[in-house]
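What follows is the residue order along each chain.
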Amino acid sequence: MRAHAWSKGCLQGQVAVVTGAAQGIGRTISEQLAYTGVNLMLADLSEEKLDKLRGELTSEYGIDCAHFVGDLSNESTVKELGHRARAELGPVDILVNCAGGGVILPFLEHTAETLKQTVDRNLWTVIWCTREFIPDMRDRKYGRVINLGADSVRNGLPDHAGYNAAKGGVHGLTTGLAREFARYGVTVNTVAPCAVATPQLAHFLESQPELAQKFIDVIPLGRAGELDEIASAVIYLALPEASFITGQVLSVNGGSTML
Ligand SMILES: NC(=O)C1=CN([C@@H]2O[C@H](COP(=O)(O)OP(=O)(O)OC[C@H]3O[C@@H](n4cnc5c(N)ncnc54)[C@H](O)[C@@H]3O)[C@@H](O)[C@H]2O)C=CC1
Ligand SMILES: CC(C)c1ccc(C(=O)O)c(O)c1O
């Protein structure tokens with residue numbers, strides 16, 4: 001792992017929940033949070049990937065690390081996640097809503113099921129997890145909520161309309177929650193990446209190269225983002241030093257949208 005601007009162990013003793021932690025951006029965020037000394041609850045759908053990551057982070061960083069397997073678009077499942085996180089790690093200081101991704105299609109090629117799946121994965125996971133963890137943050141007068149949105153909401157990237165409906169909801173939730181909970185010292189922000197170098201992008205470059213190239217062509221830096229580049233923005237917003245930043249959608253996007 002590359003060295004980071006913040007010192008190793010700087011968040012020692014804090015507790016974070018990362019959804020979508022099993023792979024991609026969520027896994028990298030979890031690795032960077034472990035570097036800061038945060039005790040972690042890793043949540044996703046995949047037992048095998050989470051169990052392996054939990055073992056790696058525990059041995060590498062000496063943190064308390066637990067994992068939870070379940071569909072976080074389901075309210076009762078998220079209530080169980082909340083119970084497990086509090087029981088195993090204590091009150092949660094940081095919530096990273098990274099679960100998401102999914103179906104990228106021309107709007108009229110979506111089915112009712114793919115649209116529902118897209119909203120479930122990208123919006124309902126954020127709604128239920130935030131409802132579960134923000135009350136404790138309010139009562140403790142401290143908290144950091146960081147969501148993963150999408151720069152495509154801002155530039156209308158091809159085949160992203162259905163996905164943007166969900167991610168646009170995440171952006172909207174961010175501003176409303178930020179205002180509602182600012183008085184309690186709880187900040188709520190969203191990091192909105194452009195295309196990131198993940199297996200999904202590689203799949204698009206292989207299977208639909210012309211479409212994938214459109215995702216890259218909107219980026220002045222001329223390349224997809226790296227996992228660490230996205231994760232670093234999330235970690236910054238999780239720091240106590242980020243106390244005066246709230247209600248923001250921070251595009252980490254190589255310049256693909258500006259202002
Ligand atoms: N990869 C990219 O280029 C971009 C990604 N994003 C967003 O960043 C986040 C992470 O992206 P990637 O790492 O590329 O995605 P990914 O698809 O590799 O990982 C997302 C994770 O979320 C989990 N997940 C999805 N729905 C879930 C549910 N209902 N319950 C529990 N877990 C669930 C999946 O199992 C998966 O492990 C997503 O929210 C995505 O929409 C935003 C912009 C660009
Ligand atoms: C790689 C996936 C399809 C992707 C590409 C670009 C954006 C964006 O610019 O916002 C996304 O949100 C994606 O999920």
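By the naming in an unreviewed UniProt entry, the protein chain goes by 2,3-dihydroxy-2,3-dihydro-p-cumate dehydrogenase and is assigned to Marinobacter pelagius. Heading Catalytic activity (unreviewed entry) of the UniProt record for the protein chain holds this comment: "(2R,3S)-2,3-dihydroxy-2,3-dihydro-p-cumate + NAD(+) = 2,3-dihydroxy-p-cumate + NADH + H(+)". According to UniProt, the comment filed for the protein chain under the heading Pathway (unreviewed entry) is "Aromatic compound metabolism; p-cumate degradation; acetaldehyde and pyruvate from p-cumate: step 2/7."

**Re the confidence of the model for the protein chain**
A residue-level look at the protein chain finds 99% of positions with pLDDT of 70 or above and a mean pLDDT of 97. Interface confidence in the predicted complex, given as ipTM, is 0.99; pTM for the same model is 0.98.

**What to know about the site of ligand 1**
Around ligand 1, the structure places 26 residues, and the nearest of them are Ile-25, Asp-44, Tyr-163, Lys-167 and Val-196. One of the backbone N or O atoms of Gly-100 is found 3.5 Å from an oxygen atom in ligand 1. Side-chain polar atom of Tyr-163 to an oxygen atom of ligand 1: 2.7 Å apart, as the coordinates give it. Across the complex, the protein chains shield 91% of the 830 Å² of accessible surface that ligand 1 would expose by itself. Elements with a contribution of two residues or more to the shell around ligand 1: α1 (24-35), α4 (112-140) and α6 (161-181). Among the residues forming the shell around ligand 1, the class breakdown is eleven nonpolar, eleven polar and four charged.

**Observations concerning the site of ligand 2**
Among the 13 residues in the neighbourhood of ligand 2, the closest are listed as Asp-151, Ser-152, Tyr-163, Pro-193 and Cys-194. Asp-151 is positioned such that a nitrogen or oxygen atom in its backbone is 3.3 Å from an oxygen atom of ligand 2. Backbone polar atom of Pro-193 to an oxygen atom of ligand 2: 3.2 Å apart, as the coordinates give it. Relative to its free-state accessible area of 350 Å², ligand 2 is covered by the protein chains to the extent of 93%. Its residues assigned to classes, the shell around ligand 2 comprises nine nonpolar, three polar and one charged.

**Some remarks on the nonpolar core**
When a protein is soluble and globular, its nonpolar side chains tend to lie buried together. Ile-29, Leu-33, Leu-40, Val-96, Leu-148 and Val-191 are the most contacted members of the largest nonpolar core, which totals 35 residues. Of all the elements in the fold, those that place two or more residues in this core are β1 (15-19), α1, β2 (39-44), α2 (47-61), β4 (94-97), β5 (143-148) and α9 (227-238). In terms of residues, this core owes the most to one element, α9, which gives seven residues. Filtering out sequence-adjacent residues up to four positions away, Leu-40 remains in contact with Ala-16, Val-18, Ser-30, Leu-33, Ala-34, Leu-57, Ile-63, Asp-64, Cys-65, Ala-66 and Leu-89. If you look at the next biggest cluster of nonpolar residues, it comprises 24 residues, including Ala-85, Leu-89, Phe-133 and Val-188.

About the thresholds
- Residues numbered from 1 in each chain as written.
- Chains lettered and ligands numbered in written order.
- Predicted model: local features only at pLDDT ≥ 70, side-chain atom pairs only at ≥ 80, totals over all residues.
- Heavy atoms only, no water.
- UniProt positions renumbered as here; feature names shortened; annotations may be inferred.
- pLDDT = per-residue confidence, 0-100.
- Near = heavy atom within 4 Å.
- Polar contact = N/O pair within 3.5 Å; in protein donor to acceptor, adjacent residues only side chain to side chain.
- Areas by Shrake-Rupley, 256 points an atom, 1.4 Å probe, with all protein chains shown as cover.
- Helix = DSSP H or I, 4+ residues; strand = E, 2+ residues; numbered from the N terminus.
- Nonpolar A, V, L, I, M, F, W, Y, C, P; charged D, E, K, R; others polar.
- Core = buried A, V, L, I, M, F, W, Y, C linked by side-chain atoms within 4.5 Å.
- Buried < 20%, exposed > 50% of the residue type's maximum accessible area, 1.4 Å probe, protein only.
- Contact = heavy atoms within 4.5 Å.

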